[in-house]
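Spelled out, the chains give:
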Amino acid sequence: MEEELQKLTINEGKGGNESDIELSSDISLRLLDLSDIDDFMVWASDEKVTRFCSFDSYTSKEDGINYIKNTVSRHPWYRAICVNNRPVGSISVTANSGNDKCRGELGYVLAADYWGKGIATKAVKMVANTIFDEWPHLERLEALVVVDNAGSQRVLEKAGFKREAVLRKYLILKGTTRDCVIFSLLSTDPRN
């Protein structure tokens, strides 16, 4: 994937509070590697971040290293979401096969300190603007979001994904059966 560096100025207001935070950053996507383990552990060990993830929080650096070596490095499309080239999260597209190869599933996670700043939305847009060219067989990119995860739903909507349905009792997450919202973006949809 040709890396795309974008200049992004973000102004975040806190509920009408005039003490706005201004952050000017380069947002980029790149491969995540073992040298990123300390940054990876920031979000992967935070229960607030992993609350809606299919994995449990990592409790040891060794487990994180094994995940990067055995899962991330073998994944066909897994990238670090970087701010000024420092990983603050990750984003992936998982391909389907057989009769379902026209679909891929998007997943992403972002360190809590970076929530609400437009970074996840920018990363999702970057993927949406390139994945259909990289994978010409892909016609549909979809994302499943637990209904309680309103922030992630907003990210997808801002990135141009369409909310399609609520899938009741769709999956078991951390021991509890959960409803999910399914979002999609088609290769023929306009890009943001």
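Not measured: the values here are computed from a predicted model.

It is not clear to me how the confidence of the model for the protein should be interpreted in this structure. Could you clarify?
It should be kept in mind that the predicted coordinates are not to be read in detail where pLDDT is low. Averaged over every residue, the pLDDT of the protein is 87; residues scoring 70 or more account for 87%. Counted against residues more than four places away or in other chains, residues 1-24, with its pLDDT under 50, gives 45 contacts.

Got a minute to help me understand the nonpolar core in this structure?
By size, the foremost hydrophobic cluster in this structure holds 31 residues, and its most contacted members are Ile91, Leu106, Val127, Ile131 and Phe161. Sort the elements by how many residues they give to this core and helix H4 (residues 119-128) lands first, with seven residues. Counting 17 residues, the second-largest nonpolar core is a separate cluster that includes Ile68, Tyr78, Ala80 and Val109.

Looking at this structure, I do not really get helix H1 (residues 37-44). What am I missing?
Since there are 3.6 residues in each turn of an α-helix, residues three or four apart along the chain are aligned in direction. The element H1 is extensively covered by neighbouring structure, given that six of its eight residues are classed as buried. Among all positions of H1, only Ile37, Asp39, Phe40, Met41, Trp43 and Ala44 are buried. Buried residues belonging to H1 abut helix H2 (47-50), helix H3 (61-70), strand E3 (78-83), strand E4 (86-95) and strand E5 (103-110).

Would you take a moment to explain the side chain of Arg140 for this structure?
With respect to the helices and strands, the residue Arg140 is situated in strand E6 (residues 140-146). For Arg140, a relative accessible area of 17% puts it in the buried group.

Explain the packing of H4 against helix H6 (residues 150-158) here, please?
Helices that pack against each other are described as a pair by the angle of their axes relative to one another and the distance between those axes. Contact geometry of H4 with H6 gives a least axis separation of 9 Å together with a crossing angle of 45°. Relative to H6, the element H4 is oriented oblique. When you trace H4 past H6, the crossing you get is right-handed. Across the interface between the two elements, Ala120, Thr121, Val124 and Lys125 from H4 touch Val155, Leu156 and Lys158 from H6. For the contact of H4 with H6, the class distribution of residues is four nonpolar, one polar and two charged.

Quick question: what am I supposed to make of the packing of aromatic side chains here?
Aromatic ring pairs are reported here in terms of the distance separating the ring centres and the angle at which the planes meet. All chains considered together, the criterion is met by six aromatic pairs. Between Phe40 and Tyr67, the aromatic rings sit 5.7 Å apart at their centres with planes inclined by 20°, giving stacked as the arrangement. In this pair, Phe40 sits in helix H1 while Tyr67 sits in helix H3, placing the two residues 27 residues apart along the sequence. Feature note: the residues Phe40, Trp43, Phe55, Tyr58, Tyr67 and Tyr78 constitute an aromatic cluster, connected by ring pairs.

How do you make sense of the packing of H1 against H3 when you look at a structure like this?
Between H1 and H3, whose axes approach to 10 Å, the crossing angle comes to 105°. Considered as vectors, H1 and H3 are oriented roughly perpendicular to each other. On H3, the residues that touch Ile37, Asp38, Phe40 and Met41 of H1 are Lys61, Gly64, Ile65, Tyr67 and Ile68. Here the contact of H1 with H3 is built from residues that sort into six nonpolar, one polar and two charged.

Analysis parameters
- All residue numbers here refer to positions counted from 1 along the written sequence of the relevant chain.
- Given that this is a predicted model, residues contribute local features only at a pLDDT of at least 70 and side-chain atom pairs are listed and counted only at 80 or more, while totals for whole chains, interfaces and linings are drawn from all residues.
- Each side-chain value is derived from all of the structure's non-hydrogen atoms; neither hydrogens nor water enter the calculation.
- Here pLDDT means the predictor's own confidence in every residue, given as a number from 0 to 100.
- We call two residues contacting when some pair of their heavy atoms lies within 4.5 Å.
- As used in this record, nonpolar core signifies buried Ala, Val, Leu, Ile, Met, Phe, Trp, Tyr and Cys residues forming a set joined through side-chain atoms within 4.5 Å.
- Only protein chains enter the accessibility calculation, which uses a 1.4 Å probe; a residue is then buried when its area is under 20% of its type maximum, exposed when over 50%, and partly exposed in between.
- Helix and strand definitions here come from DSSP, where helices need a minimum of 4 consecutive H or I residues and strands a minimum of 2 consecutive E residues; each element is numbered from the N-terminal end.
- Here an axis means a line fitted to C-alpha atoms, over the contact stretch when the element is a helix, while the angle between two N-to-C directions is reported on a 0 to 180 degree scale.
- Small angles under 35 degrees read as roughly parallel and large ones over 145 as roughly antiparallel, with 65 to 115 read as roughly perpendicular and the rest as oblique.
- In a left-handed crossing the near helix is turned counterclockwise from the far helix by less than a right angle, and in a right-handed crossing that turn is clockwise.
- Under the convention adopted here, Pro, Cys and the residues Ala, Val, Leu, Ile, Met, Phe, Trp and Tyr are nonpolar, Asp, Glu, Lys and Arg are charged, and Gly plus all remaining residues are polar.
- Geometry of aromatic contacts follows a simple scheme: Phe, Tyr and Trp rings, the Trp one being its six-membered ring, pair when their centres are within 6.5 Å, and the pair is stacked under 30 degrees between planes, edge-to-face over 60, tilted otherwise.

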